[in-house]
Amino acid sequence: MSTDPYSSRFPADSPVHIRSLDDVIALVRYLRKSRRDRPTVVVTHKKDGDRLRIDPQALFDDFDIDVAIIDTTEAGFQFTDRMGRERSVFGGAVRIYPGTSRWWKPDNYREARLMLDHQITGKAFCNDVRGAVARQIAIEQQEQKIRQNQMVMNASASGSTTAGGGDVPGNAKAPGTVDSSGNVNASESDTVISDGPDVEPTALAESEGLITAAIRDKADGLVHPVLEDQAEELAEYLTDPERRIPVVVATRTSTTHLPVFDTESLARELESTAIVFELDNAKTAWNLTAALPPDAQVYGGMLRAYPPNLEWVDDPGLLGGPYGGFTDEQRRIQRRQLIDDTVGMLAHAYSTNAPAVPEHTVPVTATVIGVYPQRGIARLTSGGMASVTLPPETDGIPADHVLARGQVIHGEFNPRDRMISGLAIRPGKDAIADYADGDTVLGRVDTVRMDYCMVTLYPGMKILVEASDALGDAFDEHEDLRLLLDRGTVLSMLIVARGTDQNDWLVSFVEADKDHIRPAPALVEGGPPWLSPKDQGALKPGADERQRAIVIDADTDVRDLIPEDAGGEAAEMIMTLAAQIGEEQRANRRMSTELHDLRRQNASLREDAISQRRARIYQGQQYRTLRGLFRNDRERLVFERDRFTMWIREAWALRFPAADKPHRRLPDTWDYTSAFFDSLEKTQINRDRVVDAALEVLTGIAQQSKSRQCHRLRTGSGAEDPFRVGPHGEKVWRIYLDQGHSARRLHYYEDARGRYTFALVGVHDDDLR
């Protein structure tokens, strides 16, 4: 089955309108196929909204062709970007693309006949186009007959040699030319090798060129050289939508005339994984460059890997490589990376071998009944079974972190292959939209550098984490984070301050609350978390402190260290060494004291830096009172109460769906102390965080939430101390707004009638016990 998600659009049973980028990609990929069953005619408008001078439906009905209409100027630009101006068509013109790919070769673009609208009448132009189409069809039919005759002749002559077979009669036409009667002589490049008994490679090379059907999609563990005149053929194979296997292309340097890697050993290692081609010289590399899309080239002794899907044609950034290196160590690493990337391309192709929207699909709802390493099994509502392919965004993530038994999924079902594809992945920004200060979450470490790492909170959502922030005093400025942390490690981490982009988050690894880890978001609605607490790794232990075999201090009697059988010289040596050790240890204790003081100063400076970062992060989100804007504080407080109450009511409306609102009603009234708004202004925290906490108090969520740790306050720190009461005998409660650095808390009162009053916001040590 084709792996090209656009292959189902052509050939078509009616004229096809090209309006979107997907339409353009489908048309370009169809035109670039090495052979199509019939010509393709592309019709354009002079400008958007103009009536066509030719009837595409009549053209389609009267001839055995495909017809495409480029409907918009934008689609025309996109088509030209991919085809090049010489091979494109626009401005009211019509182009006839032959069923073979000869028109794609350099300087051969005129074989795709361009019809410009220079006629006085539309009827004359229509007749010109129809005549050109008829001639093209006649030419291709004649070529097909010649190929069939040659196949019969080859079959009858197999096993024998014709005397003087290399001579061409003097009156014979050159291959590929058209005689006066319109007959076409077969071109050598059009020879077709029919399916049948195995043919010797040399015979195939003579008839089809080196890149033959015998090696296509067969990683045989050999290196296949490519000559100058075969570069276009290689480009055609690389961009063939039907290709199902990765390809590695190696080039040669101008000095050693060899690739930077040993391609023979590479091909053996990639046997059954990828085909290895080696370009014979720099000109071959330039010929290949000219035939490939921009930025997809390879030269200078380097190697490149081309995946079997054609997404790289439109986005060459998806390609592997170029791979190479100037030192043996660089080449060793790059060679391993090339092999890993190529194996990954093959695995990705097999794990997602159905198109994103396969041919003849229908929307379905199904229930997952089993999960396997790279896919799932689901039961359709009709009772039938289907295989479920994982979305490409989940590449590298285990299937049981994407699908779960009992999960209801929605996708596109291909009845022929009984395969469900097209599962929608939740957008990353939406997935972590409610991550907030004080949450402990899971993240995957994807890049590790000396003093920072990149952490993925959700596929596509990465943040930069400074080692000094993440580890605090546990990370010395002279340490290397790469010795403590491995790429791919899953860690729990405390969000100290949420940022707005990947560079301004503040995260701590050492202060994570591992007993209250927030579940990671699901990739597909209704599925399992994409990361699980059981996936967690750990920081690697640092170097152990050297254990002292002896401690010499003021209470130590050095004479006790001298063995009884020691001689005079040995005893003197022991006394000398003991004195030196004692001096070193005293110096070490002095330095330890100094280091302790410096660490305290560093912690204070780090706290100040964190406070400043919070201030930057919360700029525009920090609560500000309206002092000075009213005649007196009484009027100001009335307005601030109304404003904060409005924020809570808005958060309630947005948070709960209509079905849940009756079960999560807000009280009719609640209140605030006069100190509440001043304390909120003085505490560095996103005001929305406090609004959400207040909403959870009013709806009863906070009292049941483990992360909020709602509890009554006592008059002292002892467990038996009496509970604190408010100014009118109310119960005094505290809930957590976050954890870690300068942790913030919310106080509120509850009176005998169950009415709430929000009292204070502050850091943990601000009289909050």
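Residues numbered from 1 in each chain as written. Predicted model: local features only at pLDDT ≥ 70, side-chain atom pairs only at ≥ 80, totals over all residues. Heavy atoms only, no water.

## A few points about the overall build of the protein
For clarity, the threshold we go by: Helix and strand assignments come from DSSP, with helices taken as H or I runs of at least 4 residues and strands as E runs of at least 2, each series counted from the N terminus. Throughout, exposure labels follow a simple rule: accessible area from a 1.4 Å probe, protein chains only, divided by the maximum for the residue type, with under 20% read as buried, over 50% as exposed, and the rest as partly exposed. Surface accessibility follows the Shrake-Rupley procedure with a 1.4 Å probe radius. Residue values consider only the protein chains on display as shielding.
The secondary structure content of the protein amounts to 16 helices and 25 strands. With 769 residues in all, the protein has 44% of them scored as buried. Of the roughly 41600 Å² that the protein leaves accessible, carbon and sulfur atoms contribute 50%.

## What about the pattern of salt bridges?
Under the convention used in this document: Salt bridges are defined as contacts in which a side-chain nitrogen from Lys or Arg sits within 4 Å of a carboxyl oxygen from Asp or Glu.
Evaluated as defined, the whole model comprises 20 salt bridges. In this structure, E269 engages R336 in a salt bridge whose closest nitrogen and oxygen atoms are separated by 3.3 Å. Highlighted residues: E269 in helix 7 (residues 263–269) and R336 in helix 10 (residues 328–351), separated in sequence by 67 residues. Residue class for R336 comes out partly exposed when judged on its relative accessible area of 39%. R641 is the salt-bridge partner of D671, the closest N and O atoms lying 3.1 Å from each other. With D671 in strand 21 (residues 671–672) and R641 in helix 14 (residues 633–655), the pair connects residues that are 30 residues apart, well separated along the chain. Exposure remark for D671: the relative accessible area of 24% places this residue in the partly exposed category.

## Section: the sheet that holds strand 15 (residues 419–421)
Keep this limit in mind: Following DSSP output, two strands are said to pair if at least two bridges run between them. Inter-axis angles, ranging from 0 to 180 degrees, are taken between N-to-C directions of lines fitted to C-alpha atoms, where helices are fitted over the stretch in contact.
If you trace the five strands once around the closed barrel, you get 11-12-13-15-14, paired in mixed fashion. Strand-to-strand twist of the sheet, defined as the mean angle between neighbouring strand axes without regard to direction, takes the value 50 degrees. Two strands pair when backbone bridges link them, and strand 11 (residues 362–372) and strand 14 (residues 408–414) are joined in this way by six bridges, in the antiparallel orientation. From the neighbouring strand, P363 faces strand 14, where its bridge partner is E412.

## Remarks on the side chain of E640
This is how it is decided: The term polar contact refers here to a pair of N or O atoms within 3.5 Å; inside protein, the definition further demands a hydrogen-donor-capable atom paired with an acceptor-capable atom, and it admits residues adjacent in sequence only when both atoms are side-chain atoms. By definition in these notes, contact holds between two residues if any of their heavy atoms fall within 4.5 Å.
Looking at the secondary structure, you find E640 in helix 14. A polar atom in the side chain of E640 sits 2.7 Å from the side chain of R636. If we ignore the near neighbours within four places in the chain, the residues touching E640 are Y623, T625, L626 and F677.

## Things to note about the sheet that holds strand 24 (residues 744–750)
What the five strands build is an open sheet, ordered 21-25-24-23-22; its pairing is mixed. This sheet does not close on itself; its edge strands, each paired only once, are strand 21 and strand 22 (711–712). Where strand 21 meets strand 25 (residues 756–763), two bridges bridge the pair, whose relative direction is parallel. What sits directly across from Y672, in strand 25, is F758. The strands touched by helix 16 (residues 687–699) are strand 23 (731–736), strand 24 and strand 25; relative to strand 25, the strand with the most contacts, the crossing angle is about 145 degrees.

## Quick notes on the pairing of strand 9 (residues 303–306)
Going residue by residue along strand 9, you find L303 and A305 tucked away on one face and R304 and Y306 tucked away on the opposite face as well. Where strand 7 (residues 247–250) and strand 9 come together, four bridges link them in antiparallel fashion. The partner of V249 across the bridge, within strand 9, is R304. Pairing of strand 9 with strand 10 (residues 320–323) involves two bridges; the strand directions are antiparallel. Within the sheet, the bridge partner assigned to L303 lies in strand 10 and is Y323.

## Notes on unusual backbone geometry
In this structure, Q709 is a non-glycine residue whose phi angle is positive, near 45 degrees. Its location among the elements puts Q709 in the loop between helix 16 and strand 22. Q709 sits in the partly exposed class, given a relative accessible area of 26%.

## With respect to the confidence of the model for the protein
Operational definition: Every residue is assigned a pLDDT by the predictor, reflecting its confidence on a scale from 0 to 100.
For the protein, the mean per-residue pLDDT works out to 79, and 81% of the residues sit at or above 70. Segment residues 350–358 is flagged for pLDDT under 50; beyond a separation of four residues in sequence, or across chains, it makes 26 contacts in the model. Here residues 543–549 is modelled with pLDDT under 50, and outside its nearest four sequence neighbours on either side it reaches two contacts, counting other chains as well.

## A word on the packing of aromatic side chains
Basically, it comes down to this: Each aromatic pair joins two rings of Phe, Tyr and Trp (for Trp, the six-membered one) with centres within 6.5 Å, and gets the label stacked for planes under 30 degrees apart, edge-to-face for over 60, and tilted for any other angle.
Tallied over the full model, the rule gives 22 aromatic pairs. For the ring pair Y623 and F644, a centre distance of 6.4 Å and an interplane angle of 70 degrees mean the geometry is edge-to-face. Of the two residues, Y623 is situated in the loop between helix 13 (568–617) and helix 14 and F644 in helix 14; the sequence distance between them amounts to 21 residues. With relative accessibility at 1%, the residue Y623 sits in the buried group.

## A few points about the environment of Y452
Along the chain, Y452 turns up in strand 17 (residues 452–458). Not counting the four nearest positions on each side in its chain, Y452 is found in contact with T447, L464, V465, E466, A467 and L481.

## Let's talk about the packing of helix 14 against helix 16
The line we're drawing: For this classification, under 35 degrees means roughly parallel, over 145 means roughly antiparallel, 65 to 115 means roughly perpendicular, and everything else is oblique. Classes in brief: Ala, Val, Leu, Ile, Met, Phe, Trp, Tyr, Cys and Pro nonpolar; Asp, Glu, Lys and Arg charged; the others, Gly included, polar.
Direction vectors running N to C along helix 14 and helix 16 enclose 75 degrees, while the axes themselves pass 9 Å from each other. When the interaxial angle is binned, helix 14 and helix 16 end up roughly perpendicular. Side by side, helix 14 and helix 16 meet where F644, W647, I648, A651, W652 and R655 of the first sit next to R687, V690, V691, D692, A694, L695, E696, L698 and T699 of the second. For the contact of helix 14 with helix 16, the class distribution of residues is 10 nonpolar, one polar and four charged.

## So, the nonpolar core
Note the cut-off: For the purposes of this section, nonpolar cores are sets of buried Ala, Val, Leu, Ile, Met, Phe, Trp, Tyr and Cys residues that join through side-chain atoms within 4.5 Å.
In terms of nonpolar packing, the biggest core is built from 49 residues, with I409, I420, V455, L457 and F509 touching the most fellow members. Discounting residues that sit within four places of it in the chain, I409 has contacts with V364, T365, A366, V368, A378, V388, L403, I420 and L423. With 33 residues, the next largest nonpolar core counts F677, V690, A694 and L695 among its residues.

## Some words on a nonpolar patch on the surface
How we decide: Patches draw on residues past 30% relative accessible area with no salt bridge. Two like charges within 9 Å are joined, as are two nonpolar side chains (Val, Leu, Ile, Met, Phe, Trp, Tyr) within 5 Å.
Nonpolar side chains collect at one region of the surface, where M573, L577 and I581 lie side by side and expose about 260 Å² of accessible area between them. The topology assignment puts L577 in helix 13. With relative accessibility at 42%, the residue L577 sits in the partly exposed group.

## Quick notes on the environment of I735
By the secondary structure assignment, I735 is in strand 23. Residue classification places I735 among the buried residues on the basis of a relative accessible area of 0%. Separated by 38 residues in the primary sequence, I735 and V697 have C-alpha atoms spaced 8.8 Å apart.

## Observations concerning empty space enclosed by the protein
To be explicit about the condition: Grid points spaced at 1 Å over the protein atoms alone were grouped into cavities, where a 1.4 Å probe fits but cannot get out, and pockets, open sets with protein on both sides within 12 Å along at least five of seven lines, with lining residues defined by an atom within 4 Å of a point. Grid points are joined across faces, edges and corners, and a volume is the space filled by probe spheres set on the points.
Applying the stated criterion across every chain yields a total of four cavities of 30 Å³ or more. By volume, the largest cavity amounts to about 80 Å³. Put simply, the parts of the chain that give the lining of the largest cavity at least two residues each are helix 1 (21–31) and helix 9 (311–314). Ranked by residues supplied to the lining of the largest cavity, first place goes to helix 1 with three residues. In terms of residue class, the lining of the largest cavity is made up of four nonpolar, one polar and four charged.

## Describing helix 16
Threshold: Under the convention used throughout, the expected extent of a helix is 1.5 Å for every residue step, that is, one less than its residue count.
The end-to-end C-alpha distance of helix 16, which contains 13 residues, comes to 19 Å, matching closely the 18 Å that a straight helix rising 1.5 Å per residue would cover. The element helix 16 is extensively covered by neighbouring structure, given that 10 of its 13 residues are classed as buried. Among all positions of helix 16, only R689, V690, V691, A693, A694, L695, E696, V697, L698 and T699 are buried. Elements that come into contact with the buried residues of helix 16 comprise helix 14, helix 15 (676–682), strand 23, strand 24 and strand 25. For helix 16, the side-chain oxygen to backbone nitrogen distance between the N-cap and D688 is 2.8 Å, and the N-cap itself is N686. Of the residues one or two after helix 16, G700 is the one with positive phi, at around 85 degrees.

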